[in-house]
Number of protein chains: 2
Amino acid sequence: MDNSILTLQSPLDMHLHLREQEMLQLVAPLSARSFAAAVIMPNLLQPVDSLAAVTSYHKAIVNACGAELFTPYMTLFFRDYSKDELMSAREAVLGVKLYPAGITTQSEAGVRDFDAIGTTVALLEELDIPLLVHGESNGFVMDRETEFLQVYEWLANNFPKLRLVMEHISTAAALRFLERHPQVAATVTLHHLMLSLDDVAGGLLQPHLFCKPIAKTPQDRDALRQAVFQGHPQLMFGSDSAPHPRHAKECCGCAAGIFSAPVALPMLAQLFEEADCLDTLPIFVTENAVRFYKIEPPAKNVYLGRQKWCVPELYGMVRPFLAGNELRWNLLDVETTD
Amino acid sequence: MDNSILTLQSPLDMHLHLREQEMLQLVAPLSARSFAAAVIMPNLLQPVDSLAAVTSYHKAIVNACGAELFTPYMTLFFRDYSKDELMSAREAVLGVKLYPAGITTQSEAGVRDFDAIGTTVALLEELDIPLLVHGESNGFVMDRETEFLQVYEWLANNFPKLRLVMEHISTAAALRFLERHPQVAATVTLHHLMLSLDDVAGGLLQPHLFCKPIAKTPQDRDALRQAVFQGHPQLMFGSDSAPHPRHAKECCGCAAGIFSAPVALPMLAQLFEEADCLDTLPIFVTENAVRFYKIEPPAKNVYLGRQKWCVPELYGMVRPFLAGNELRWNLLDVETTD
């Protein structure tokens, strides 16, 4: 067997920020080159919270991706929706994304009163539309995800048929929650598999490693790694790749977000190989998502070659995750198998 | 009584970084205007670890302060010292400052092996020279101070007459340690009375609020406030004011340090007043330090006026703590009472 080539069949990024305008033009082709499909987050300046907005944003993304075979799975920004609204939108979206108000970039229109969301959540359960959740409280930054578990608990217990996704989990506590709720799924980012708060603020402060949820303890990171490496059936890769122009990162008040899309697959291959777990990588980047979301992503082989490359310092005005680092796997030209 | 003027008799900053060259010229007069004396940290590019270096640095500081009445209490950078070295330097320094190697700015020459420090520490105890300690382990950033308590415990138990100062404590655990060791003292910064990690990394990332030890939980901050407001006898004000040029803060890898010297006294007055504890402010900024260190600082009244002012955005190239904020007390012209 030629072990200098790694073939990934329809790798998926189940949590992606593509932004708009020039930023969309810059970053969409980079995701489209690496992945067969991605779940597109709806937190634009004007939240994507109508079928018309979904349709318009979908068109902009497809245009920006160029000729690459790439399916953007769209999401609606959570608000109170009527059954008619959800029924008319369901074919156009993969799910509805819920943000607590103000918890991260462009989430001001998010949920302020969790006691008031039950009606819409019940509709999502009834219509079998997945609910994707940014699960953080407004408490102490290191405790936000753990504190939010009570909301997840309430959702899981009161809406047992709801397809619930805990987005970008960052703690061992979230993994323990998943054990108690086998019907719930979660996404895990590349950076939460690699970073702890020590990397962000333990030496010099590293704005390019600042994200929400913030990277937690080394124990949390290691628990996530172990779970993913072992092929945990509820964990799906979602990069949460979130580009900000460099001037919004290296400044007086730095925006949260790590731009990892162009390095995600090569670095994941390196991590899984180092853990001697390359065989479970497809479970994480394809299979669990296909099963949970009941999707049929485009048949697209993505090839990684065992050849060293150095991550660029910048893509346009955006500094990528691992900028300047040498990686052992590189993305080769892709081929569609349709 | 005129409550529009607050008179502080010989306020002291028991932990101060003045740097060298142009930075020294910029910041020394700002401390000299606010304080009667300050303890000067020895972590220059070339650590201040000889009597000759102390003498030279002292001269540079006095020159930079101009005509202000201000005593720089010098410190030696901890290394293995002979008894002769310590005896010859003791009149020129207030104490010896110990840094774990690499734990903060310019600490590379610090201690790597704590098992090897006993001989020099015993000399400090014998000669009654205070030992000032940056107390952080090299563990997880939020646990470093708590983990270091075992070193403090060893020092306190094995050198019972050593005058030991825990510098810039940031945790409730350090306060509990002080309760068990009444002979030990500690400094507390202004920023650790005001900040938690939420302020640094809970919203946008704030490089100008990044310091070592990093700000901890709201509970830690509140415990420090309560202790200081109540006139805790072991706690001395030490600003840990640490200027960095703006370009070293707003960049890709941001240096740790908060430049608080010019706002320290006005903001402390505001905090103590808000807590209805203005009467304990002299205990914190003068009396505890005079008693612990057995010093006679210059008799210098510093007057704060109840008049609003806006903290400048910059002093030279340095952005101060609370830049742009309006404070309720302002520093008035000072008068010496000698």
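Residues numbered from 1 in each chain as written. Chains lettered and ligands numbered in written order. Predicted model: local features only at pLDDT ≥ 70, side-chain atom pairs only at ≥ 80, totals over all residues.

Participant: What's the story with the overall build of chain A in this structure? I'm lost.
Facilitator: The helix and strand tally for chain A stands at 12 helices and 15 strands. Against the globule reference of 20 Å for 338 residues, chain A gives a C-alpha radius of gyration of 19 Å, in line with a compact fold. Based on the C-alpha atoms only, the size of chain A along its principal axes is roughly 50 × 45 × 40 Å. Among the 338 residues that make up chain A, the fraction classed as buried is 52%. Nonlocal contacts in chain A, meaning residues at least 24 apart in sequence, comprise 71% of its contacts between residues at least 6 apart. (Helix = DSSP H or I, 4+ residues; strand = E, 2+ residues; numbered from the N terminus. Rg over C-alpha atoms; globule rule 2.2 N^0.38 Å. Buried ≥ 20, exposed ≤ 12 C-beta atoms within 10 Å, placed from the backbone. Contact = placed C-beta atoms within 7 Å.)

Participant: Mind showing me how you'd approach the relation of the copies chain A and chain B here?
Facilitator: One chain copy maps onto the other through a rotation about an axis and a shift parallel to that axis. Each copy superposes on the other: chain A lies on chain B with an RMSD of 0.0 Å after a rotation of 180° and an axial shift of 0.0 Å. In the structure described here, the two chain copies are related by an operation that fits a two-fold rotation axis. Across chain A, the rotation axis passes nearest the C-alpha of Glu 250 of chain A, at a separation of 2.6 Å. Interface overlap between copies: 100% of the residues of chain A at the interface are likewise at the interface in chain B, consistent with a symmetric, same-surface contact. (Least-squares fit on C-alpha atoms with pLDDT ≥ 70 in both.)

Participant: Can you walk me through unusual backbone geometry in this structure?
Facilitator: Negative phi is the rule for most residues except glycine; trans is the rule for most peptide bonds. The omega torsion of the bond from Lys 212 of chain A to Pro 213 of chain A falls at -5°, within 30 degrees of zero and hence cis. The residue Arg 19 of chain A is not glycine, and still its phi comes out positive at about 60°. With respect to the helices and strands, Arg 19 of chain A occurs in the loop between strand S2 (12-16) and helix H1 (21-34). You can call Arg 19 of chain A buried: it has 22 C-beta atoms within 10 Å. The phi dihedral of Asp 276 of chain B is positive, around 60°, even though this residue is not glycine. Tracing the sequence through the fold places Asp 276 of chain B in the loop between helix H11 (264-274) and helix H12 (281-293).

Participant: Which parts of the structure should I look at to understand the sheet that holds S2 of chain A?
Facilitator: Think of a sheet as strands paired side by side through backbone hydrogen bonds, with each pair either parallel or antiparallel. Residue and element names in this part refer to chain A. One open sheet accounts for three strands, arranged S2-S3-S4; its pairing is parallel. Strand pairing shows two members of the sheet lacking a second neighbour, S2 and strand S4 (71-73), which therefore form its edges. Sheet twist, expressed as the average angle between the axes of neighbouring strands with direction ignored, equals 20°. With three bridges joining them, S2 and strand S3 (residues 37-40) adopt parallel strand pairing. In the strand pairing of S3, Leu 12 is matched with Ala 37. (Pairing = 2+ DSSP bridges. Axes fitted to C-alpha atoms, helices over the stretch in contact; angles between N-to-C directions.)

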